[in-house]
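Each chain is listed here by its residues.
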Amino acid sequence: MPAAKAQTSLPRVTVFSTGGTIASIPSGASAASPALTADQLVAALPQLDSVARITAIPFRQVASSELTLGDMIALAAEIELAVAGGADGVAITQGTDTLEETSFALQLLYGGEAPVVLTGAMRNPALPGADGPANLLGAAQLAASPVARGLGALVVFNDEVHLPLFVRKTHTANLATFRSPLTGPIGWIVENRPRIALRPSVRHAIRLSASAQAIPQVALLKAAIGDDGRLLPSIVSMGYRGLVLEAMGGGHVPRAMVAPLADLAQHIPVVLTSRTGAGEVLRGTYGFPGSETDLLARGLIHGGILDGPKARVLLALLLASDAPRETIETAFSSIGTPGTESAFRWPAP
Ligand code: ASP
């Protein structure tokens, strides 16, 4: 029978659900919270039948603010199992609030060839114009497509394909919330066809087993006018193993913050990023107290293009894998400076 024949020749895609708006429905008078699992999301989208043979796996059922890097390490292991079991690609549904962090973690943790595509929704299934079904369809189409093989983790949203390294949630409610300010999307989906227009030249990798030690806490602070840095001396005693600083502009802080930052950098890695949301931290433009040259000379690590949340993901994964200081610096200079053509791999092969 031709229909059955076509069905069995379709690629296999595993869909993992983790919660988020795409899976959230209101209950009685209560506002929406995650309730639907992967099989329910898949069952509500009959169009998937002509895209792939789907296996639906509920992984977590939470708002994405509850997800952790430990969850991502466990999910990377599940993805590898699914691929070893014959999946041609993987789609992951999750909340949008932290998609830019979880997708970046999976970009680093997952080294396989099969595409891993994350998506979510801004409007829950009970709202008019719910975007979850279209986003899940797009994610499954990309996961099933040979054009995405070898690219690792990707984000599909609003018919655009983004690289986790660049993508950010930029709006609290707009359906076009995901943007890659430095590069734009690397592809799109049109009339059910995924297109990849740009391909990254290198893939970075950090390997952590599912039994890795607990992920060390890394603090994330944003500099603001008049801040005298009085929180900084408490960071180590509070148990943080690293600090990511979102500095002003090209990497600047009020001069009162310089001494406590320099002191902290003697004890734990302190990564200098920018709060602007796009562009590289500068290296040698300004020389005033609290400038990028001042802070880098005092031992802060250059964060490249990584914003605070992504730099925090990278530093936490490196610390969890016992990377020494030189390796942490190398990781930030190669991952944080795309276009330098050096793939970072840790542990080194
Ligand atoms: N607003 C969120 C979402 O878009 C909630 C979450 O991230 O779980 O899914």
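The preceding data block contains the structure.
Calculation criteria
Positions within a chain are numbered from 1, following the residues in the order the chain's sequence is written. The predicted nature of this model means local features are confined to residues of pLDDT at least 70 and side-chain atom pairs, given and counted, to a pLDDT of 80 or more, with totals for whole chains, interfaces and linings taken over all residues. Derived side-chain values reflect all non-hydrogen atoms in the structure, with water molecules and hydrogen atoms excluded from consideration. Going along the chain from the N terminus, every DSSP run of H or I of four or more residues is numbered as a helix, and every run of E of two or more is numbered as a strand. All radius of gyration figures rest on C-alpha atoms, and the globule criterion is 2.2 Å times the number of residues raised to 0.38. Each residue is assigned to one of three classes by its accessible area relative to the maximum for its type, calculated with a 1.4 Å probe on protein chains only: buried under 20%, partly exposed between the two thresholds, exposed over 50%. Whether two residues are in contact is decided by their heavy atoms, any of which lying within 4.5 Å being enough. The criterion is simple. A nonpolar core is a set of buried Ala, Val, Leu, Ile, Met, Phe, Trp, Tyr and Cys residues joined through side-chain atoms within 4.5 Å. Here a cavity denotes a set of grid points, spaced 1 Å apart and computed over the protein atoms alone, in which a 1.4 Å probe fits but from which it cannot get out, and a pocket denotes an open set meeting protein on both sides within 12 Å along at least five of seven lines; residues with an atom within 4 Å of a point are reported as lining. Grid points are joined across faces, edges and corners, and a volume is the space filled by probe spheres set on the points. All amino acids are sorted into three groups, where Ala, Val, Leu, Ile, Met, Phe, Trp, Tyr, Cys and Pro are nonpolar, Asp, Glu, Lys and Arg are charged, and the leftover types, Gly among them, are polar.

Enquirer: I tried to follow the overall build of the chain on my own but got confused; where do I start?
Expert: The secondary structure content of the chain amounts to nine helices and 18 strands. The C-alpha radius of gyration of the chain comes to 21 Å, within 12% of the 20 Å expected for a compact globule of 349 residues. Its C-alpha atoms put the chain at 75 × 50 × 35 Å along the principal axes. Across the 349 residues of the chain, 51% fall into the buried class. Residue pairs in contact within the chain that sit at least 24 positions apart in sequence constitute 72% of those at least 6 positions apart.

Enquirer: Explain the nonpolar core here, please?
Expert: Considering soluble globular proteins, one finds that nonpolar side chains tend to be buried as a cluster. Counting 86 residues, the largest nonpolar core has Leu318 and Phe332 as the members making the most contacts within it. Of all the elements, helix 8 (residues 308-320) adds the most residues to this core, at nine residues. Among residues more than four places away in sequence, those in contact with Leu318 are Ile206, Ala323, Ile328, Ala331, Phe332, Phe344 and Trp346. Listed in part, the 20 residues of the second largest apolar core include Leu245, Met248, Ala265 and Leu272.

Enquirer: How do you make sense of empty space enclosed by the protein when you look at a structure like this?
Expert: Any empty space left between atoms is shown by rolling a water-sized probe over those atoms. Enumeration over the complete set of coordinates arrives at two cavities of 30 Å³ or more. Estimates place the volume of the largest cavity at around 140 Å³. The wall of the largest cavity is formed by 15 residues, among which Arg168, Gly277, Ala278, Ile305 and Asp307 lie closest to the centre. Of the voids in this model, the second largest cavity is the one considered here, and its volume is about 50 Å³. Around the second largest cavity sit Gln107, Leu151, Gly152, Ala153, Pro200, Val202, Arg203 and His204, which together line it. The class makeup of the residues in the lining of the second largest cavity is four nonpolar, three polar and one charged.

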